[in-house]
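# Architecture at a glance
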Amino acid sequence: MPPLLYAIIGLILGGNLGVPAAIFGAAAGYALGVRLNNRSDRISKLEENLTRLRREVDNLTESLDRLRGVNPQATAAFPASEADQIPLQPKSTPAVAQPEPKPIETASPQTEPPFVLPPRRSVEVIEIVPPTLSFQPILAFKDWLLGGNTLVRAGSVVLFFGLAFLVKFAAEHTQVPIEFRYLGICALALGLLSLGWRLREKRTGYAMALQGLAVAILYLAIFAAYRLHGLIPGGLTFVLLVAVCALSAMLAILQNAPAMAVIGISGGFLAPVLASTGSGSHIALFSYYALLNAGILAIAWFKAWRPLNVLGFLFTFGIGSFWGWHEYRDELFASCEAFLVLFFFLYLAISLLYARKRKELLSEFAAMTVAGERVDYVDATLVFGTPLAAFGLQYLMVQDMAYGAAFSALGMGAIYLPLAAYLYRQGKEEARLLVESFLALGMVFGSLAIPLGLDARWTSAAWAAEGAGIFWVGLHQKRPVACWFGLLLQLGAGLTLGSSLTLHRSASFDEYWLASLFISVGGFVSGHFLHKAVKPTLPAMLANALLAWCLIWWWYGGSEEIQQHVPFYTLSASILFTTASAVLLLAARRYLDWPAAGIASAMILPLLFIFAAEAVISLDHPAERYGWAAWPLALAILWQVLRKQEGGWLAAKLEAGHMLALWLLASLTTWQSWWAFKELGQPGSSWPILGWALSPMVFLLALSRPELKRFWPFSSHSRAYSVGAIPIALGLLGWVFLANAISNGNMSPLPYVPLVNPLDLASAGALIVLLAWQRGMAPDADLAPQQLKLLTAVSLGSAGFVWLNGVLLRSLHHWADVPFDFGIMMQSTLVQAALSLFWALLAMGFMLLATRRGWRPLWLTGGALMALVVAKLFLVDLSRVGTVERIVSFLGVGILLLMLGYFSPVPPRKEE
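On a predicted model such as this, the values are computed, not experimentally measured, just so you know.

## Some words on the overall build of the protein chain
- Helices and strands together make up the secondary structure of the protein chain, namely 32 helices and zero strands.
- Considering the protein chain as a whole, with its 912 residues, one finds that 43% of them fall into the buried category.
- Considering only contacts within the protein chain whose residues lie at least 6 apart along the sequence, 74% involve residues at least 24 apart.
- Surface exposure of the protein chain reaches about 48,000 Å², of which carbon and sulfur atoms provide 67%.

Next up, the structure:
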């Protein structure tokens, strides 16, 4: 069918909507004509080439048989080369060896002249190039104008439209009886048909055009006589249309003329459009179109003429959509629904018949390829266009019905999935593409039925489960498209649920937890399948992304459920949920051999820090609201998670992980011990201060023990715990300074006794623990031994000096009733005299000990302190201290200086 005819059809159809639509329709029709014409020409050439090749094979076979039977000696004279050996069977079936014919003995010795083989006729090899979407109007118009009989093509089109307009004009303006007018038109059509049949062998192209024109005129006359003027009853009209349709199909099949079939069918479809007055019955129109489509179905049984199939599809659904847009009403649903279902099944059957005929053609000529690839037998336009067009019209008709669209989509899926299963059970490899196409359509419509019939919760759950299943099937069969479709469904499930939660914030999450669980499990299963796949068709890193997708929805769903059901114990429940999640991930790592799951379990560490910060804000102590059960279990699992990371991807970061875990444990226990000591004493006492020191002392004392290094994790990460203990040690050292500076030693109900009260004992214990820890960490320290000793001496000496001064000041507060206030104490003459004597005694002790041990730095420290005491006596005590206190302080310091001058007059020698 020439592209110009498609352009005229598009022009007429678009003209009803206005000039722009007419122009667009003409352009679209012309482009479609170019595309279909090229494809039709290629198929026709292929079939002609195949017929010619078979004829060549038959001729050569007869020649060889004659040669072997009449003159066997000639066989040796004419050896067959490889090029002359033409297979007598298709490549798909192995050739059967034929027995050599016995030589026939002749009666006369006279031999016949040698038989000469006829020259080999060249067989045209046609390279079939897949159609492209490029639009080349100039070249296409040139091919159409110069190919075939241009005059008869143009004349047929013009004559057909002229007759159509003549029918309308005669009906409105002439007085000739209408019956005679139609008889004249039919007589003209029969005359053209007879002439075309007579010329079918001499002028094939001309004859096909005349026959197609005649069939189109008959369609037009019968339909117009029935619909416009009521000259023939409906039953007779039906019979006549069936007869014309059968005649058109028979002529096309007998003459192997797809163009003739296209012309006849085009005329049949256009007849009611051109003869329409706008007042006819849609039942008559669609019944008539059903007959035309039945004719196309009959032709498809014998011929694989794709342009004819596509043209019928476009006419049927195009004109049907146009009618529905302007004329459809709800009361017409029953009749329109019946025709829509009929048209759908007709073109579903046509697509199957086309595939069958194409497979037969390929099996007969299996070596033929298209541009290096096997010829496709699936008509994508019909296979995918039919359900999409039918469902689009169906949706418009049932969109106001409850669950109408959902059941329609479900019905489409119920048609395609069993059909795909049936074709798959046939076990034919050539049906694979058709099976995949129907399977994809069935899954798409089945998936579409879910959101059309259910709310966001069940849609998300169903899509997640379906997506995981499709992903597994695609992965198992190594089909990337199916895998991506499954992932797309899972993504759609998450987006659907997320958007629903955003729109319904006030709704209870109880309505959504199942969907969240399905999304999470679907992502986990898909990720695991991808991880275990052998030579997967998707990136391996996608498995980790799917695991992350799973965990996001897992923790989100679990957190929402906890807030809904245990709002008072949210923190402890969240800690337990996170711990259980880590255990499940460790189990997946071990039993499913999925290292990524073990790595994901390490997320428990940052989550526990978040929970600890939340506890500081909302709780009085970490053991509150079942924290006593949640935290120990979580911390135990945390160290188990760290142990499972040994030798894995996080091995390089385990040092930091162990340090963070140590700090978390130390912080929680310190906070808990502070709260416990706070509950022991009376309000305003110094008991809570002791709580801050107990836990760090225990940690540092334990870490200082060398026996621990024989056990994990200290055996593998001793440096991490040595370095991690430094902040704990600094905290304990700072506590010594702070506690002795701000605490008055009130340990009610216990009385205050210097050096043996809980605060002084804790301070002394802290200094001892720090000293023990320093000695225990020496092998792991980066400092030189002398530097470490100096650092220890300075830090612990300063802390000890502060602690001893605190003991003195607290004693004066409790025994001499001096208020424990820094400003008041500095103004007290008793405090100043006591400090002078106490510092002098400390300086004397340092210097005597240094002289005995040979510790020069300690002697210098004592000397500096004694110099400070002397300066204090003359600068402070001389003017501010009372007479008695002044006498006592001066006499005491003087006596101590005389004793030092005797026992330790000079510092020890400096070590070489």
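## A short note on the nonpolar core
- Counting 84 residues, the largest nonpolar core has Tyr 219, Tyr 289, Leu 308, Phe 343, Tyr 347 and Phe 438 as the members making the most contacts within it.
- In terms of residues, this core owes the most to one element, helix α7 (residues 204–227), which gives 14 residues.
- The contacts of Phe 438, once residues within four sequence positions are left out, are Leu 348, Leu 352, Val 383, Tyr 416, Leu 419, Ala 420 and Leu 423.
- Counting 73 residues, the second largest nonpolar core, distinct from the first, contains Trp 631, Leu 662, Phe 699 and Ala 762.

## Things to note about unusual backbone geometry
- Between Trp 712 and Pro 713 the backbone carries a cis peptide bond, its omega angle lying at 10°.
- With respect to the helices, strands and loops of the structure, Pro 713 is situated in the loop between α25 (687–703) and α26 (718–742).
- Unlike most non-glycine residues, Arg 625 shows phi in positive territory, near 55°.
- Among the secondary structure elements, Arg 625 is positioned in the loop between α22 (604–618) and α23 (627–644).
- We note that Tyr 626 has phi near 65°; this positive angle belongs to a residue other than glycine.
- Summarising the element assignment, Tyr 626 is placed in the loop between α22 and α23.

## Description of the environment of Thr 386
- Looking at the secondary structure, you find Thr 386 in helix α13 (residues 380–398).
- Excluding residues that lie within four positions of it along the chain, Thr 386 makes contacts with Phe 313, Phe 344, Tyr 347, Leu 348 and Thr 381.
- A polar contact is formed between the side chain of Thr 386 and the backbone oxygen of Leu 382, at a distance of 2.8 Å.

## A look at the pattern of salt bridges
- Across all of its chains, the model carries four salt bridges by this definition.
- The partner of Lys 678 in a salt bridge is Glu 679, with the nearest N and O atoms 3.2 Å apart.
- You can call Lys 678 partly exposed: its relative accessible area is 32%.
- Residue Arg 810 is joined to Asp 760 by a salt bridge in which the shortest nitrogen-to-oxygen separation is 2.5 Å.

## Looking at a nonpolar patch on the surface
- There is a patch of nonpolar side chains on the surface, built from Val 566, Phe 568, Tyr 569, Tyr 626 and Trp 628 and spanning about 530 Å² of accessible area.
- Residue classification places Tyr 626 among the partly exposed positions, given a relative accessible area of 47%.

## Quick notes on the confidence of the model for the protein chain
- Looking at the protein chain as a whole, the pLDDT averages 76, with 72% of positions reaching at least 70.
- Confidence over residues 70–147 falls short of pLDDT 50; this stretch has 67 contacts with residues more than four positions distant or in other chains.

## Comments concerning the environment of Cys 186
- When you line up the elements, Cys 186 lands in helix α6 (residues 178–198).
- Considered as a pair, Cys 186 and Leu 218 are 32 residues apart in the sequence and their alpha carbons are 6.1 Å apart.
- Not counting residues up to four positions away in its chain, the partners in contact with Cys 186 are Leu 218 and Ala 221.

## So, the packing of helix α24 (residues 654–680) against α26
- Look at α24 against α26: their axes get within 9 Å of each other, and the N-to-C directions meet at 40°. Judged by the inter-axis angle, α24 sits oblique to α26. Relative to α26, α24 is oriented so that their crossing is right-handed. Only Arg 719, Ala 720, Tyr 721, Val 723, Gly 724, Ala 725, Pro 727 and Ile 728 of α26 make contact with α24, whose side of the interface consists of Glu 655, His 658, Met 659, Leu 662, Trp 663 and Ala 666.
- Per-class residue counts for the contact of α24 with α26 are 10 nonpolar, two polar and two charged.

## Considerations on the packing of aromatic side chains
- Inspection of every chain in the model, using the stated rule, returns 24 aromatic pairs.
- Ring plane angle 35° and centroid distance 5.8 Å describe the contact between Tyr 288 and Tyr 289, whose orientation is recorded as tilted. For the pair Tyr 288 and Tyr 289, one class covers both residues: buried.
- Three or more aromatic residues link up through ring pairs in this structure, and these residues are Phe 286, Trp 323, Phe 339 and Phe 343.
- The aromatic ring of Phe 568 is capped on one face by Arg 625, whose charged end is 4.0 Å from the ring centroid.
- The residue whose ring lies beneath Arg 643 is Trp 712, and the NZ or CZ to ring-centre distance is 5.1 Å.

## Structural notes on the packing of helix α18 (residues 513–532) against helix α19 (residues 541–565)
- Contact geometry for α18 and α19: axes closest at 8 Å, N-to-C directions at 160°. The angle between α18 and α19 places the two elements in the roughly antiparallel class. Pair α18 / α19 crosses with left-handed handedness. Every residue of α19 that contacts α18 at Trp 513, Ser 516, Leu 517, Ile 519, Ser 520, Gly 523, Phe 524, Ser 526, Gly 527, Leu 530 and His 531 is listed here: Leu 542, Ala 543, Leu 546, Leu 547, Trp 549, Cys 550, Trp 553, Trp 554, Gly 557 and Glu 561.
- Considered class by class, the residues forming the contact of α18 with α19 number 13 nonpolar, seven polar and one charged.

## Quick notes on the side chain of Asn 293
- Mapped onto the elements, Asn 293 comes out in helix α10 (residues 282–302).
- Under the relative-accessibility criterion, Asn 293 is labelled buried at 0%.
- Not counting residues within four places of it along the chain, the set of residues in contact with Asn 293 comprises Phe 269, Gly 312, Thr 316, Phe 343, Leu 346, Tyr 347 and Ile 350.

## Focus on the environment of Ile 415
- Structurally, Ile 415 can be placed in helix α14 (residues 404–425).
- What makes Ile 415 partly exposed here is its relative accessible area of 24%.
- Discounting residues that sit within four places of it in the chain, Ile 415 has contacts with Phe 344, Phe 345 and Leu 348.

Cut-off values and rules
- Residues numbered from 1 in each chain as written.
- Predicted model: local features only at pLDDT ≥ 70, side-chain atom pairs only at ≥ 80, totals over all residues.
- Heavy atoms only, no water.
- Helix = DSSP H or I, 4+ residues; strand = E, 2+ residues; numbered from the N terminus.
- Buried < 20%, exposed > 50% of the residue type's maximum accessible area, 1.4 Å probe, protein only.
- Contact = heavy atoms within 4.5 Å.
- Areas by Shrake-Rupley, 256 points an atom, 1.4 Å probe, with all protein chains shown as cover.
- Core = buried A, V, L, I, M, F, W, Y, C linked by side-chain atoms within 4.5 Å.
- Polar contact = N/O pair within 3.5 Å; in protein donor to acceptor, adjacent residues only side chain to side chain.
- Salt bridge = Lys/Arg side-chain N within 4 Å of Asp/Glu carboxyl O.
- Patch = residues over 30% accessible without salt bridge, like charges linked within 9 Å, V, L, I, M, F, W, Y side chains within 5 Å.
- pLDDT = per-residue confidence, 0-100.
- Axes fitted to C-alpha atoms, helices over the stretch in contact; angles between N-to-C directions.
- Parallel < 35°, antiparallel > 145°, perpendicular 65-115°, else oblique.
- Left-handed = near helix turned anticlockwise from the far one by under 90°.
- Nonpolar A, V, L, I, M, F, W, Y, C, P; charged D, E, K, R; others polar.
- Phe/Tyr/Trp six-rings, centres within 6.5 Å; stacked < 30°, edge-to-face > 60°.
- Lys NZ or Arg CZ within 6 Å of the ring centre and 35° of its normal.

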